[in-house]
Amino acid sequence: MTQTFAVPAAPPATAAAHFLARLAVETDVSDVHADLTARTPGLVVVDSRGDVAWRQGHLSGALHLPTAAIAARAADLVPAGSRVVTYCWGPGCNGATRAALEFARLGYAVKEMLGGYEYWVREGLPVVGPDGLVRRPADELTAPRSTVTCDC
C-alpha cells in the first residue's frame, strides 16, 4: 500500500460532504478578485489586520476592521445581510479565521479568504499601498505569470 492511502480514503459521500463544508466557509484570492472586479452586490471584504499592516498595503475596496474591533463596530460598518470575506496576512496566520468567527457569531454569512494578503500579492493582484495602487509580478509558484487565475 502507498503512503498516501495508508489510511483509507473516506467514502465518496463523506468526502463530498467534507469538501462542500470547506467550500461553504473558505474562498480563494482568485474568486474574491473576480467578485470585487464584478462589483458583486452585498460583498464586503474585511482586512482584519492592524493599522500598520493596513497602511503597508491592502486590497482595493476592502474595509479595514481589525479583529478586536469587529464585535463593537461591525454593525455600524457592515450592512445586515452582507456576505463577508475576511483576510489577514497569509496561510501562517489565523487572524482571518478569528475574524470570520466574530462575523459568524454576529449572524453574518462569512467566508475566509485562503492565502490572505500574502497570496493576493503573490498572485500579482493589485493592492493599495503608500504610493497608491501597485501590482507586483505573479509568483509562478502560486499563479501563471500570464493570468491572475490558476484556471482551476
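Residues numbered from 1 in each chain as written. Predicted model: local features only at pLDDT ≥ 70, side-chain atom pairs only at ≥ 80, totals over all residues. Heavy atoms only, no water.

(A) Geometry of the sheet that holds strand S4 (residues 83-87). One open sheet accounts for 5 strands, arranged S1-S5-S4-S2-S3; its pairing is parallel. The sheet terminates laterally at strand S1 (26-28) and strand S3 (63-64), the two strands that pair on one side only. In the sheet, S1 pairs with strand S5 (residues 109-114) via 3 bridges, with the strands oriented parallel. Note that in S5 the partner of Thr27 across the bridge is Met113. Of the strands in this sheet, S1 and S5 are in contact with helix H1 (residues 12-25), which crosses S5 at around 95 degrees. This element, helix H2 (residues 29-37), spans S1, strand S2 (43-47), S4 and S5 of the sheet and lies at about 75 degrees to S1. (Pairing = 2+ DSSP bridges. Helix = DSSP H or I, 4+ residues; strand = E, 2+ residues; numbered from the N terminus. Contact = heavy atoms within 4.5 Å. Axes fitted to C-alpha atoms, helices over the stretch in contact; angles between N-to-C directions.)

(B) Spotlight on the packing of helix H4 (residues 67-77) against helix H5 (residues 95-105). Between H4 and H5, the shortest axis-to-axis distance is 9 Å and the interhelical angle comes to 15 degrees. In terms of their interaxial angle, H4 and H5 are classed as roughly parallel. Considering the relative orientation of H4 and H5, their crossing is right-handed. For the pair H4 and H5, contact is made by Thr67, Ile70, Ala71 and Ala74 and by Gly95, Arg98, Ala99, Glu102 and Phe103, respectively. (Parallel < 35°, antiparallel > 145°, perpendicular 65-115°, else oblique. Left-handed = near helix turned anticlockwise from the far one by under 90°.)

(C) Quick peek at the nonpolar core. In terms of nonpolar packing, the biggest core is built from 14 residues, with Val45, Leu59, Tyr87, Met113 and Trp120 touching the most fellow members. When contributions to this core are tallied by element, the ones reaching two or more residues are H2, S4 and helix H6 (116-122). Per-element accounting of this core gives the leading share, 3 residues, to H6. Non-local contacts of Met113, meaning those with residues more than four positions away in its chain, are made with Thr27, Asp28, Val29, Val32, Leu59, Val85, Thr86, Tyr87 and Trp120. Residues Val46, Leu65, Ala69 and Ala74 belong to the second largest nonpolar core, which totals 13 residues. (Core = buried A, V, L, I, M, F, W, Y, C linked by side-chain atoms within 4.5 Å. Buried < 20%, exposed > 50% of the residue type's maximum accessible area, 1.4 Å probe, protein only.)

(D) Structural detail: the pattern of salt bridges. One pass over the full model with this rule turns up 5 salt bridges. Note that Glu26 and Arg22 form a salt bridge whose closest N and O atoms lie 3.2 Å from each other. Two residues, Asp47 and Arg49, come together in a salt bridge whose shortest N-O distance is 2.7 Å. Across the pair, Arg49 and Asp47 agree in class, each one buried. Linked through salt bridges whose partners overlap, the residues forming this network are Glu118, Arg122 and Asp139. (Salt bridge = Lys/Arg side-chain N within 4 Å of Asp/Glu carboxyl O.)

(E) Spotlight on the packing of aromatic side chains. For the structure shown, the criterion picks out 2 aromatic pairs. Where Trp89 meets Tyr117, the ring centres are 5.8 Å apart and the plane angle is 85 degrees; that geometry is what we call edge-to-face. Placement of Trp89 in the loop between S4 and H5 and of Tyr117 in helix H6 is noted, with a sequence separation of 28 residues between them. Take Tyr117: its relative accessible area is 9%, and that puts it in the buried class. Between Phe103 and Tyr108, the aromatic rings sit 5.3 Å apart at their centres with planes inclined by 80 degrees, giving edge-to-face as the arrangement. Residue Phe103 is classed as buried on the basis of its relative accessible area of 0%. Sitting over the face of the ring of Trp89, Arg49 holds its NZ or CZ atom 4.6 Å from the ring centroid. The lysine or arginine in question, Arg122, covers the ring of Tyr119, its NZ or CZ lying 4.9 Å from the ring centre. (Phe/Tyr/Trp six-rings, centres within 6.5 Å; stacked < 30°, edge-to-face > 60°. Lys NZ or Arg CZ within 6 Å of the ring centre and 35° of its normal.)

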